[in-house]
2 protein chains.
Amino acid sequence: MKKRKLNSTNHINEKAITSGCPITSTVLAIGGRWKIIILWQLKDGSLRYNEIRKAIPNISEKMLIQQLKELMQSCWVDKKDYNEIPPRTEYSLTKLGKSFMPILENIYEWGTKNKITAIGQKTAANN
Amino acid sequence: MKKRKLNSTNHINEKAITSGCPITSTVLAIGGRWKIIILWQLKDGSLRYNEIRKAIPNISEKMLIQQLKELMQSCWVDKKDYNEIPPRTEYSLTKLGKSFMPILENIYEWGTKNKITAIGQKTAANN
DNA sequence: ACCTTTACTGCCTAAAAAGTAAGTACACAC
DNA sequence: GTGTGTACTTACTTTTTAGGCAGTAAAGGT
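What comes next is a walk through the structure.

Here is what the cut-offs are and how they apply
- The written sequence of each chain sets the order in which its residues are numbered from 1.
- Numbering of ligands from 1 and lettering of chains from A proceed in the order in which they are written.
- In view of the model being predicted, local features appear only for residues whose pLDDT reaches at least 70, and side-chain atom pairs are presented and counted only at 80 or more, with totals across whole chains, interfaces and linings using the full set of residues.
- Computation of side-chain values: all heavy atoms of the structure, hydrogens and water removed.
- Near residues are defined by distance, with any heavy atom within 4 Å of the molecule or strand qualifying the residue.
- Side-chain atoms alone can form a polar contact between residues adjacent in sequence; in general such a contact is a pair of N or O atoms within 3.5 Å, and within protein one must be able to donate a hydrogen while the other accepts it.
- Going along the chain from the N terminus, every DSSP run of H or I of four or more residues is numbered as a helix, and every run of E of two or more is numbered as a strand.
- Amino acids outside the nonpolar list (Ala, Val, Leu, Ile, Met, Phe, Trp, Tyr, Cys, Pro) and the charged list (Asp, Glu, Lys, Arg) are all regarded as polar, and Gly is one of them.
- Only C-alpha atoms enter the line fits that serve as axes; for helices the fit covers just the stretch in contact. Angles between N-to-C directions range over 0 to 180 degrees.
- An angle counts as roughly parallel when it lies under 35 degrees, as roughly antiparallel when it exceeds 145, as roughly perpendicular when it falls between 65 and 115, and as oblique in every other case.
- What makes two residues a contact is simply this: any of their non-hydrogen atoms within 4.5 Å.
- Ring pairs shown here join Phe, Tyr and Trp side chains whose ring centres sit within 6.5 Å, with only the six-membered ring taken for Trp; geometry is labelled stacked below 30 degrees between planes, edge-to-face above 60, and tilted in between.
- For each residue, the accessible area found with a 1.4 Å probe, counting protein chains only, is set against the maximum for its type, and the residue is called buried under 20%, exposed over 50%, and partly exposed in between.

Points about the protein's contact with DNA strand D
At step 1: In the neighbourhood of DNA strand D, 30 residues make up the surrounding shell, with Asn13, Ile65, Pro87 and Tyr91 of chain A together with Lys62 of chain B lying closest.
At step 2: Counting only the atoms of DNA strand D that lie within 4 Å of the protein, the sugar and phosphate share comes to 76%.
At step 3: One of the side-chain nitrogen or oxygen atoms of Lys69 of chain A is found 3.3 Å away from a phosphate oxygen of DNA strand D.
At step 4: Note that a phosphate oxygen of DNA strand D is positioned 2.9 Å from one of the side-chain N or O atoms of Lys79 of chain A.
At step 5: Counting only elements with at least two residues in the surface near DNA strand D, the list comes to helix H1 (9-20), helix H4 (49-55), helix H5 (61-73) and strand E3 (89-93) of chain A together with helix H1 (9-20) and helix H5 (61-73) of chain B.
At step 6: In terms of residue count, the dominant contributor to the surface near DNA strand D is H5 of chain A (four residues).
At step 7: The class makeup of the residues in the surface near DNA strand D is eight nonpolar, 10 polar and 12 charged.

Next up, the structure:
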């Protein structure tokens, strides 16, 4: 799915970092633009592929599938395939995924309180 | 510092996401490979440029400066320049940066407990 | 005159992430 | 036999991120 140059400094650094630091490895596992949004959608229960897609209007099908696959590989999300035609699949958080939700909620609160705006402006809690 | 194509879908999506979701905006603000590591180094007090560099062996000077700049722009980190020759600068967390440390510690614990390995293996808390 | 130290800057390339557009499969309805 | 719905796949391009490496400034040492 990803083609990586295994001996690039880029890749070596990423490996070193993720194997050395539980924070970084966690954040990189749910990094990128879409994964957290997907997890957040699933926090209240399982959803069909199309339901996720409708809930996240801007995501392309390719991106959604790709991110879901990566989330499944890293065991944040499970998929149930009903083997029907037309297809029906349902995605849900694994126990691992669910266990991370309190942290996401903390970040939600923190982010809301501090009005972080990506490349953020100075706000409430500053020097 | 970043040259962005302001009307690319890529950029538009990023803006939409970060303005709409406090979690995503927070995580993207400290995203990338190095920012969290830098913040983590600073959690116990201010450090000189070279001290950070030695603490993070793999980072290049260009990357370190770039990440520090971005962290300053988004008000996670402050810089004190002593205007000496040879130069002396000290970096430290802002109040905002400090206020995020408890969350980082939560993630540290969670990551340690769940042995997340980047593109992770199934571990303790799974279905 | 030349080297060292510290904290940078700039230009270029490599690699990865994100996006675009089209196509696939199968069952059912019309 | 053409069209619809669902959940994908594939090939390709654009955009962004990461890294390589040389260069800069200014004071002080030798």
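What about the packing of helix H6 (residues 95-114) of chain A against helix H2 (residues 22-29) of chain B?
At step 1: Their axes nearest at 8 Å, the elements H6 of chain A and H2 of chain B cross at an angle of 90 degrees. Relative to H2 of chain B, the element H6 of chain A is oriented roughly perpendicular. Where H6 of chain A abuts H2 of chain B, its residues Leu104, Ile107, Tyr108, Trp110, Gly111 and Thr112 of chain A lie against Pro22, Ile23 and Thr26 of chain B.
At step 2: Considered class by class, the residues forming the contact of H6 of chain A with H2 of chain B number six nonpolar, three polar and no charged.

Some points on the packing of aromatic side chains
At step 1: For the coordinates displayed, the defined rule picks out eight aromatic pairs over all chains.
At step 2: Measuring from ring centre to ring centre gives 4.7 Å for Phe100 of chain A and Trp110 of chain B, while their planes differ by 70 degrees; the resulting arrangement is edge-to-face. Pair noted here: Phe100 of chain A is in helix H6 and Trp110 of chain B is in helix H6 (residues 95-114), and the two residues belong to different chains. When sorted by exposure, Phe100 of chain A lands in the same class as Trp110 of chain B, which is buried.
At step 3: Pairing Trp76 of chain B with Phe100 of chain B gives two aromatic rings, centres 5.1 Å apart and planes at 80 degrees, and the pair type is edge-to-face. Of this pair, Trp76 of chain B sits in the loop between H5 and strand E2 (77-81) while Phe100 of chain B sits in helix H6, and the two are 24 residues apart along the sequence. The pair formed by Trp76 of chain B and Phe100 of chain B is uniform in burial state, with each residue classed as buried.

By themselves these figures say nothing about function.
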